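# Coordinates in review
The lines below spell out each chain.
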Amino acid sequence: MIVVKRIMLICSGGMSTSLLCTKIQKSAKEKNIEVEVFAVSEAEMKRRLDNVDVILLGPQVRYLLSKIKNDVEGKGIAVDVIESISYGTMNGEAVLKQAMSLME
């Protein structure tokens, strides 16, 4: 059985984060890592928490970090902010590495 890791990205608008999702998936495929990556707004987050392993916030919404950590407390979901440089350069490999290290 293949275990798929689910990574949720949270942002304000969604355009740049959607591009980052594609780059993360491409990097995961190259490394034979099974992931599902999707981007949502903060408002949509609570409806999409099923089977999520990691939530990564875009740097522009880093102010939501403690609120989201409280929202998912006890659910076993790691939460962090995407490194600004990785986000700004749309470095899917670096963001994937960050997400995977949070799941260890």
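Bear in mind that the values here come from a model prediction, so they are computed numbers and not experimental data.

Reading the values: rules and limits
Residues numbered from 1 in each chain as written. Predicted model: local features only at pLDDT ≥ 70, side-chain atom pairs only at ≥ 80, totals over all residues. Heavy atoms only, no water. Helix = DSSP H or I, 4+ residues; strand = E, 2+ residues; numbered from the N terminus. Rg over C-alpha atoms; globule rule 2.2 N^0.38 Å. Salt bridge = Lys/Arg side-chain N within 4 Å of Asp/Glu carboxyl O. Buried < 20%, exposed > 50% of the residue type's maximum accessible area, 1.4 Å probe, protein only. Core = buried A, V, L, I, M, F, W, Y, C linked by side-chain atoms within 4.5 Å. Contact = heavy atoms within 4.5 Å. UniProt positions renumbered as here; feature names shortened; annotations may be inferred. Pairing = 2+ DSSP bridges.

### Side note on the overall build of the protein
Scanning the protein from terminus to terminus reveals five helices and four strands. Going from N to C terminus, the protein has its helices and strands arranged as β-α-β-α-β-α-β-α-α. Scaling as 2.2 N^0.38, a compact globule of 104 residues should have a C-alpha radius of gyration of about 13 Å, and the protein matches this with 12 Å. Here the C-alpha coordinates of the protein stretch approximately 35 × 35 × 20 Å along the principal axes.

### Some thoughts on the pattern of salt bridges
Pairs may arise between side chains of opposite charge once their charged atoms sit close together. Taken as a whole, this structure holds six salt bridges when the rule is applied. When the shortest N-O distance is used, the salt bridge between Lys31 and Glu93 registers 3.3 Å. Of this pair, Lys31 sits in the loop between α1 (15-30) and β2 (35-41) while Glu93 sits in helix α5 (residues 92-103), and the two are 62 residues apart along the sequence. The class of Glu93 is partly exposed, set by a relative accessible area of 46%.

### Here we look at the nonpolar core
Generally speaking, a soluble globular protein has its nonpolar side chains buried in company with each other. Judged by nonpolar contacts, the single largest core of 17 residues is most densely connected at Ile7, Leu9, Leu20, Ile24, Val37, Leu56 and Ile82. Counting residues per element, the ones that place at least two in this core are β1 (5-11), α1, β2, β3 (54-57) and α5. With four residues, α1 is the largest single contributor of residues to this core. Not counting residues within four places of it along the chain, the set of residues in contact with Leu20 comprises Leu9, Ile82, Tyr87, Met90, Asn91, Gly92 and Val95. Counting residues in each nonpolar core, the second largest holds 16 residues, with Ile10, Leu49, Ile55 and Val79 among its members.

### Some details on the UniProt feature "modified residue: Phosphocysteine" (unreviewed entry) in the protein
Within the UniProt annotation, "modified residue: Phosphocysteine" (unreviewed entry) is assigned to Cys11. With respect to the helices and strands, Cys11 occurs in strand β1. With near-sequence residues (within four places) excluded, Cys11 lies in contact with Thr17, Val40, Ser41, Glu42, Gln60 and Val61.

### What to know about the pairing of β1
Counting buried positions over the seven residues of β1 gives six, a clear majority of the element. Pairing geometry for β1 and β2, over seven bridges, is parallel. Bridge pairing in β2 links Ile10 to Val40. Taken together, the four bridges between β1 and β3 define a ladder with parallel strand orientation. When the sheet's bridge partners are listed, Met8 is paired in β3 with Ile55.

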